[in-house]
Amino acid sequence: MLNINPVYTKSWNILLNHFNKIKKKDIFYFFNKDKNRFKNFSIFYKKLILFDFSKNLINNKTIKLFINFLNEINFKYYINGILKGKILNITEKKIISNFLLRDVDNYFIKNNYLNNKLLIEKKNIDKNLCKIKKITYEILNNIWLSFNNKKIFNIVNIGIGGSDLGPRMIVKSLYLYKKKNINSFFVSNLDINDINSVLNLISPENTIFIVCSKSFTTQETLLNFKIARDWILKFYNNNILSLNKHFILVTSNLNNSLKYNIIRNNIILVNDWVGGRYSFCSAFGLSISLSIGFKNFVKILKGCHDLDKHFFFTKYNKNIPILLSLISIWYNNFFCYTNELVMVYNESMFLFPYYLQQLVMESNGKCIDKNNDLINYNTSPILFGGLGTISQHSFFQLLHQGTNVIPCDFIIESNFKNNNNKYNSYYKLFSNLIAQSQCLAFGDNIFLNIKKNNFSKFKNIKGNKPNNIFLIKKINPYTLGTLISIYEYKVFTQGIIWNICSYDQWGVNLGKNLSNFVYKLYFKNKNIKKNRYFLDNSSLSLIKIFKNFNK
Ligand code: F6P
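What counts and how
- Numbering of residues starts from 1 in each chain and follows the order in which that chain's sequence is written.
- A pLDDT threshold of at least 70 governs which residues receive local features in this predicted model, and a stricter bar of 80 or more applies before side-chain atom pairs are shown or counted, although totals over entire chains, interfaces and linings include all residues.
- The basis for every side-chain value is the complete set of heavy atoms in the structure, and neither hydrogens nor water enter the calculation.
- The working definition used for a salt bridge is a side-chain nitrogen of Lys or Arg within 4 Å of a carboxyl oxygen of Asp or Glu.
- Runs of H or I in DSSP of at least four residues are treated as helices and runs of E of at least two as strands, each being numbered from the N terminus.
- Residue exposure (1.4 Å probe, protein chains only): buried if accessible area is under 20% of the type maximum, exposed if over 50%, otherwise partly exposed.
- Between N or O atoms, a polar contact is any pair within 3.5 Å; within protein, one atom must be a potential hydrogen donor and the other a potential acceptor, and residues adjacent in sequence are included only when both atoms are from side chains.
- Contact between two residues is taken to exist if any of their heavy atoms lie within 4.5 Å; hydrogens are not considered.
- The arc refers to the directions leading from the helix axis to the C-beta atoms.
- Here, the term nonpolar core denotes a set of buried Ala, Val, Leu, Ile, Met, Phe, Trp, Tyr and Cys residues that are joined through side-chain atoms within 4.5 Å.
- Strands qualify as paired when DSSP identifies two bridges or more between them.
- One heavy atom within 4 Å of a molecule or strand is enough for the residue carrying it to be called near that molecule or strand.
- Each accessible area is a Shrake-Rupley result for a 1.4 Å probe, and residues are judged covered by the shown protein chains and nothing else.
- Each cavity reported here is a set of points on a 1 Å grid over the protein atoms alone in which a 1.4 Å probe fits but cannot get out, each pocket an open set with protein on both sides within 12 Å along at least five of seven lines, and each lining residue one with an atom within 4 Å of a point.
- To decide whether a molecule occupies a pocket or cavity, check its atoms: if more than half lie within 2 Å of the grid points, it is inside.
- As a working rule, the residues Ala, Val, Leu, Ile, Met, Phe, Trp, Tyr, Cys and Pro are called nonpolar, Asp, Glu, Lys and Arg charged, and the rest polar, with Gly in that last group.
- Grid points are joined across faces, edges and corners, and a volume is the space filled by probe spheres set on the points.
- Working definition: rings of Phe, Tyr and Trp (its six-membered ring) pair if their centres are within 6.5 Å, and the pair is stacked with planes under 30 degrees apart, edge-to-face with planes over 60 apart, and tilted otherwise.
- Our definition puts a charge over a ring when NZ of Lys or CZ of Arg is within 6 Å of the ring centre and also within 35 degrees of the ring normal.

S.K.: Lay out the pattern of salt bridges with the relevant residues and their values.
M.R.: Counted according to the given criterion, the structure contains 13 salt bridges. In this structure, glutamate 413 and lysine 474 form a salt bridge, with 2.9 Å as the shortest nitrogen-oxygen distance. Residue glutamate 413 is found in strand 10 (residues 408–413), and its partner lysine 474 is found in the loop between strand 11 (467–472) and helix 19 (477–497); the two are separated by 61 residues along the sequence. With relative accessibility at 8%, the residue glutamate 413 sits in the buried group.

Following this line, the structure appears as structure tokens:
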């Protein structure tokens, strides 16, 4: 059966019975029951990323019953749908074959997986990859010079959402791989201080702007593009030809992007089915390539590509994204723990949770299912994140003694031998992660034979808070691409289980349109028909006070 309400399936109800039987068991119990708990509930992916899912409120039967559920909803159909280019983004009538973006070795062509439709899509992808390679080579080797023949070493990515978060997170995470003579900047906010804080640091003659917008209608991006454009034109006395040395546009909307006097050769057209939050592997990742070099950009793609194959071809009980999504569904839909935390313990990865928020909540923050029915179960949990150990001094109190149970994914790089220092800071960092994971899982019981009687209740740490650990041997382009793809397919799997479309974002359109309406009506005094709009006196009063403040 396809596109079915999960709670009406036989296997979901068997899972519910199983849940009622084991819900009172604690994590301690599962470890005591299985001396090989870690071995049986961890996967060491290519000896590069260890996924430890042993500190969870599950046993082998839980996984087995979830796999029965995946078989009942015919999950394999959807994996094949990706490979065959089926219209799985049903509300926008688009495919979701992102695996094509990272198949740099043409594995799927060589093994005859691609039908004609996907072969055509792959042609444009390959063309764009060549374009990224060429632009990267020309700028990094001072072949592409400024309009007044100066070297370009400032790269400014202008975009927002998926046109910013992926590239920004990746460039920051891979700061060790950044080209020495290149400065990378990211501008996304409508607040002019965002772009001004960057323009004040750089010189027009050494700067290129990568303007990223799928639709080329996003007000934040278009405003920042206009500010940057005026900044360059002012420097070159309004010589419009200067723009072609200082702007590259990346979009899926050619007509809109052609309105800005940028030559067609500087416009990279991305396949229109590539969703914003899945687009860092496409030409929207140009600023990544310019920051860390094309070869390293390709290594990211290879990391994603190998994980694609892992996801497509690995049996469910050894499939990392599938296990990660089943565990998450177990808490979100059975325990009703509707928050999720992603804790990164490496400073460079601080944007990773922020990136995941769009990937997870813009994909699965839905309440209407594929049959156009209102959903009667939880969909996406609220995902937030933090940087360890800093967060241990801010919100970890709630994790340990709050009334909300918040399942957590811990992520840390483990190979510090070339970074070790006499302060042993990396060992201390890792010891904190282990300690937090144990406290959450086992609470006070972690210290055996402590006399409970001298414990006041308010000091008690109950534990039994589930958590996963990703131990990454070394954060590099390949492993970062792998990690991102694990979460991409977690989102995919959950979307299929929740019977929702994970690839549209209709919920953001009203706010976008309304903000333009408010601006025109109240600040441009356009004579828009006011009777078409609810004039609540809160908003009216706020606008009046705002205007008074700015008189
Ligand atoms: O937040 C809505 C959204 O459409 C995202 O899905 C997208 O990544 C972002 O805005 C930017 O859109 P665009 O790339 O079209 O400028």
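S.K.: Help me get a handle on the side chain of serine 287, residues and values and all.
M.R.: Structurally, serine 287 can be placed in helix 13 (residues 286–292). Only 2.9 Å separates the side chain of serine 287 from the side chain of asparagine 157, close enough to count as a polar contact. Not counting the four nearest positions on each side in its chain, serine 287 is found in contact with Ile155, Asn157, Pro167, Val171 and Phe186.

S.K.: Quick rundown of helix 9 (residues 192–199)? Include the residues and the values.
M.R.: The complete set of buried residues in helix 9 reads Asp194, Ile195, Val198 and Leu199. Looking down the long axis of helix 9, one finds its buried residues gathered within 125° of arc, a one-sided arrangement. Among the structural elements, strand 3 (154–158), strand 4 (183–187), strand 5 (207–212) and helix 10 (219–235) are those in contact with the buried residues of helix 9. For helix 9, the capping residue at the N-terminal end is aspartate 191, with a side-chain oxygen 2.8 Å from the backbone nitrogen of asparagine 193.

S.K.: Break down the nonpolar core for me, citing the residues and quoting the values.
M.R.: Phe352 and Phe492 are the most contacted members of the largest nonpolar core, which totals 128 residues. Judged by nonpolar contacts, the second largest core, of 23 residues, contains Val156, Phe185, Ala228 and Ile267.

S.K.: Please give an account of the pairing of strand 5 that cites residues and values.
M.R.: For strand 5, the tally of buried residues reaches six of six residues, placing the bulk of the element in the interior. Neither face of strand 5 is exposed, since Thr207, Phe209 and Val211 on one face and Ile208, Ile210 and Cys212 on the opposite face are all buried. Pairing between strand 5 and strand 6 (residues 247–251): four bridges, direction parallel. Across the sheet, cysteine 212 pairs through a bridge with valine 250, a residue of strand 6.

S.K.: Which residues make up the site of the ligand, and what values do they have?
M.R.: Among the 14 residues in the neighbourhood of the ligand, the closest are listed as Gly162, Ser213, Ser215, Thr218 and Glu362. Note that an oxygen atom of the ligand is positioned 2.7 Å from one of the side-chain N or O atoms of serine 163. In isolation the ligand offers 390 Å² of accessible surface; the protein chains occlude 87% of this area. Here the ligand occupies the largest pocket. Residues of the shell around the ligand, tallied by class, amount to two nonpolar, nine polar and three charged.

S.K.: Provide a residue-level description of the layout of surface pockets, including the pertinent values.
M.R.: Of the volumes computed, that of the largest pocket is approximately 890 Å³. In this structure, the largest pocket is lined by 36 residues; those nearest its centre are Ser215, Thr218, Gln505, Val508 and Lys512. Elements with a contribution of two residues or more to the lining of the largest pocket: helix 10, helix 16 (352–364) and helix 20 (509–523). Looking at the lining of the largest pocket, the element that brings in the most residues is helix 20, giving four residues. Of the residues belonging to the lining of the largest pocket, the class tally is nine nonpolar, 19 polar and eight charged. Around the second largest pocket, the lining is made up of 13 residues, and of these Gln219, Leu222, Leu223, Asn516 and Tyr519 lie nearest the centre. Listing elements by their share of the lining of the second largest pocket, those giving two or more residues are helix 10 and helix 20. Broken down by element, the residue count for the lining of the second largest pocket peaks at six residues, all from helix 10.

S.K.: Describe the packing of aromatic side chains, naming the residues involved and giving the relevant values.
M.R.: The final tally for this structure, using the stated rule, is 51 aromatic pairs. Considering the side-chain rings of phenylalanine 384 and phenylalanine 395, the 5.4 Å spacing of their centres and the 65° angle between planes classify their relative orientation as edge-to-face. Here phenylalanine 395 lies in the loop between strand 9 (382–387) and helix 17 (396–401) and phenylalanine 384 lies in strand 9, a separation of 11 residues in the sequence. Residue phenylalanine 384 is classed as partly exposed on the basis of its relative accessible area, which comes to 22%. An aromatic cluster is built from Phe75, Phe99, Tyr107, Phe108, Tyr113, Phe311, Phe312, Phe313, Tyr316, Tyr489 and Phe492, whose rings are joined through pairwise contacts. In this arrangement the basic side chain of arginine 37 is found over the ring face of phenylalanine 31, its NZ or CZ atom lying 5.7 Å from the centre. Over the ring of phenylalanine 523 we find lysine 547, and its NZ or CZ is 5.5 Å from the ring centre.

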